[in-house]
Amino acid sequence: MNWANAGFTVFGHTVLWTDLVGNVAALATVLLAMRKSMWTWPVQFTGSVLLFIASINAHITGNALKQAMFAGLAVYGWWAWRRGTQDGARLAVRPAAGWERLLLIGAVLAGTVVVGLLFWVTGLSWGAHEPLPKGAFLVAADAYIFVGSAVATWAQGRALVDFWVVWVAVDLVGVPLAFSSGLVVSGAVYGVFFVLVVVGFVKWLREYRTSPLATVAVAQ
C-alpha cells in the first residue's frame, strides 16, 4: 500500500489519511476565511492537493477536478486579497450588487448544465457509468457541486458576503453525495461546513453593516 492509499478503519469504514488531513485543512480554510486571514489561501491550496489525491483514489473524477480548480482559485484569492490589503488596509467585505447576484446565479445554473453535459459525454463523472435515471442525477449533482464551488470561491476572492450563501447551497447537495460515494470524512465535514458557513455569513454581514461602506450605501 502506498502513502496515497494509507488509512485506518473506523466502525467498519476505511478512512484515508489524504481525505482526513485534506478535510481538516478545508475546515481550517473556512475558519481562517471568517477571520479574513491571508493564510486562508495557502491552507486551501494544501487541502485541495490532498483531497485531489483522495478523490482520484475513490474514482470521483468530478470531485478531483473540483479540487484542482480550488488550487488554482486559491492562487487567485491570495492575489485578490493581497491587492485588497495593500498598505496595511483591512479587507473590505460587502454584499454583492444586484448584477453580481444575477451573475452568480446565472453562472451556477448555466455552468451546471454545460459541465453536466461535459461530464456525461466524456464520462468524467462516476455517475455517467450508472444506469438512468440515477446516473443523470449523480452527474447533475457532480456538476452542480463543481460549478457552485468555483462560483463560491471566486466570490470569496472578491470579498462578497454572498459567497457564504453559495456554499450553503453547495453543501445541501455535497453532504449526501459524499456519503453515498464512501468518503465518510468528506460527508461529515460537509455537514460541519454547513454550520460554519452560516456562522461566517452572519459574521461577515455584521462586519459590513458596521463598516464605512455600509454607511455610504445608506446615505446614497
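Residues numbered from 1 in each chain as written. Predicted model: local features only at pLDDT ≥ 70, side-chain atom pairs only at ≥ 80, totals over all residues. Heavy atoms only, no water.

> Quick rundown of unusual backbone geometry? Include the residues and the values.
Each neighbour pair has its own omega, and for leucine 132 with proline 133 the value is 0 degrees, a cis peptide bond. Inspection of the secondary structure assignment puts proline 133 in the loop between α4 (98-122) and α5 (134-157). Notably, lysine 36 is not glycine yet its phi reads approximately 55 degrees, a positive angle. As for its placement among the helices and strands, lysine 36 is situated in the loop between α1 (17-34) and α2 (40-57). Relative accessible area serves as the criterion here: at 13%, lysine 36 is assigned to the buried category. For alanine 159, which is not glycine, the phi torsion reads 60 degrees and is therefore positive. (Helix = DSSP H or I, 4+ residues; strand = E, 2+ residues; numbered from the N terminus. Buried < 20%, exposed > 50% of the residue type's maximum accessible area, 1.4 Å probe, protein only.)

> Any chance you could break down the pattern of salt bridges for me, citing the residues and the numbers?
Taken as a whole and judged by the stated rule, the model has 5 salt bridges. For glutamate 100, the salt bridge goes to arginine 158, with nearest N and O atoms at 3.4 Å. Within this pair, whereas glutamate 100 is found in helix α4, its partner arginine 158 is found in the loop between α5 and α6 (163-180), the two being separated by 58 residues in sequence. For glutamate 100, a relative accessible area of 3% gives the class buried. Judged by its relative accessible area of 33%, arginine 158 is partly exposed. Aspartate 162 serves as the salt-bridge partner of arginine 101, at 2.7 Å between the closest nitrogen and oxygen. Pair noted here: arginine 101 is in helix α4 and aspartate 162 is in the loop between α5 and α6, with a separation of 61 residues, a long-range link. Each member of the salt-bridge network shares a partner with another, and the members are Lys36, Arg90 and Glu207. (Salt bridge = Lys/Arg side-chain N within 4 Å of Asp/Glu carboxyl O.)

> Residues and numbers for α6, please.
With 18 residues, α6 extends 26 Å from end C-alpha to end C-alpha; this agrees with the ideal 26 Å at 1.5 Å per step. All of the buried residues in α6 are Phe163, Trp164, Val166, Trp167, Val170, Asp171, Gly174, Leu177 and Ala178. Glycine 182 sits one or two residues past α6 and shows a positive phi near 90 degrees. (Expected span 1.5 Å × (residues − 1).)

> Give me the lowdown on the packing of aromatic side chains, citing residues and values where you can.
The description of an aromatic ring pair uses the distance of the two centres, along with the angle that the planes make with each other. Inspection of the entire model under this criterion finds 8 aromatic pairs. Centre to centre, the rings of phenylalanine 163 and tryptophan 164 are 4.4 Å apart; their planes meet at 35 degrees, and the pair counts as tilted. For tryptophan 164, a relative accessible area of 1% gives the class buried. Summarising the aromatic geometry, the rings of tryptophan 164 and tryptophan 204 are spaced 5.7 Å apart at their centres and angled 85 degrees between planes, so their arrangement reads as edge-to-face. Placement of tryptophan 164 in helix α6 and of tryptophan 204 in helix α7 (residues 184-209) is noted, with a sequence separation of 40 residues between them. Across this residue pair, the class does not change: tryptophan 164 and tryptophan 204 are buried. Put simply, the rings of Trp41, Trp81, Phe163, Trp164 and Trp204 pair up and form one aromatic cluster. (Phe/Tyr/Trp six-rings, centres within 6.5 Å; stacked < 30°, edge-to-face > 60°.)

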